[in-house]
Amino acid sequence: MLSKKLEQALNDQIRIEAESSQVYLSMASWAEVKGLEGIAGFMYAHSDEERIHMLKLVKYVNERGGHAQISELKAPKTDFGSFQKLFQELYEHEIFVSESINELVHVTLQEKDYATHNFLQWYVAEQIEEEALARTILDKINLIGNDKGGLYLFDRDVQQITVESAAANPQA
Ligand code: OFO
């Protein structure tokens, strides 16, 4: 059985994952109307992933005798300025999410709930990957600068960028 404090903290994280999904959906829509189809595809897929992160938490809370709360969400912004700023925001958002996961892990230790501590390790690992991926993408964007051809290739290939592929072939 979850303690009330931990149940509340998990519910807060459910809202954060849902809001993350909305943020990336808004980024996808912005990129799509700018004609950046590859970036839009990347963001749509990322939005779906965040929804899955949220659902995993919903199921876990209910399985452990709590009640997962589906709450009102903060509306994301709708204009992201440039594709460089878009990915900078994605990176900063992932850092924010990592911090909230770390806080949540801290609460599991305070509450001596080792099952939830164990469950959350998947999220800890996921955040490391997502931050690394975002950093990799920002490095590529720096290489492109204002080169239109570079943006064309980046948009074409961004959906294929993974942490591993980027490490293996930094110029790709
Ligand atoms: Fe839920 O992993 Fe990104 O934020």
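Please refer to the structure higher up on the page.
Below or above, wherever it landed, is the structure these notes cover. (Residues numbered from 1 in each chain as written. Predicted model: local features only at pLDDT ≥ 70, side-chain atom pairs only at ≥ 80, totals over all residues. Heavy atoms only, no water.)

### Some points on the packing of helix H1 (residues 4-33) against helix H2 (residues 37-63)
Next, step 1: Orientation of H1 relative to H2, taken along the N-to-C sense of each, is 165 degrees, at an axis distance of 8 Å. By the criterion of interaxial angle, the relationship of H1 to H2 is roughly antiparallel. In terms of crossing hand, the pair formed by H1 and H2 is left-handed.
Next, step 2: Looking at the contact of H1 with H2 residue by residue, the classes come out as 17 nonpolar, seven polar and five charged. (Axes fitted to C-alpha atoms, helices over the stretch in contact; angles between N-to-C directions. Helix = DSSP H or I, 4+ residues; strand = E, 2+ residues; numbered from the N terminus. Parallel < 35°, antiparallel > 145°, perpendicular 65-115°, else oblique. Left-handed = near helix turned anticlockwise from the far one by under 90°. Nonpolar A, V, L, I, M, F, W, Y, C, P; charged D, E, K, R; others polar.)

### A look at the layout of surface pockets
Next, step 1: What the second largest pocket holds in volume is close to 240 Å³.
Next, step 2: In terms of lining, the second largest pocket is formed by 13 residues, of which the most central are Glu19, Val23, Lys74, Pro76 and His93.
Next, step 3: Within the residue set of the lining of the second largest pocket, elements represented by two or more residues are H1 and helix H3 (83-110).
Next, step 4: No other element matches H1, which puts five residues into the lining of the second largest pocket.
Next, step 5: Looking at the lining of the second largest pocket residue by residue, the class counts come to seven nonpolar, one polar and five charged. (1 Å grid on protein atoms, 1.4 Å probe; cavity = no way out; pocket = protein on both sides within 12 Å on 5 of 7 lines; lining within 4 Å. Points joined across faces, edges and corners; volume = space filled by probe spheres on them.)

### Remarks on the pattern of salt bridges
Next, step 1: Across all of its chains, the model carries six salt bridges by this definition.
Next, step 2: Linking Glu89 and Lys77 is a salt bridge whose minimum nitrogen-to-oxygen distance equals 2.5 Å. Residue Glu89 is found in helix H3, and its partner Lys77 is found in the loop between H2 and H3; the two are separated by twelve residues along the sequence.
Next, step 3: Salt-bridge contacts for Arg156 lead to Asp157; the nearest nitrogen and oxygen are separated by 3.0 Å.
Next, step 4: For Asp157, a relative accessible area of 27% puts it in the partly exposed group. (Salt bridge = Lys/Arg side-chain N within 4 Å of Asp/Glu carboxyl O. Buried < 20%, exposed > 50% of the residue type's maximum accessible area, 1.4 Å probe, protein only.)

Keep in mind these numbers describe shape, not what the thing actually does.
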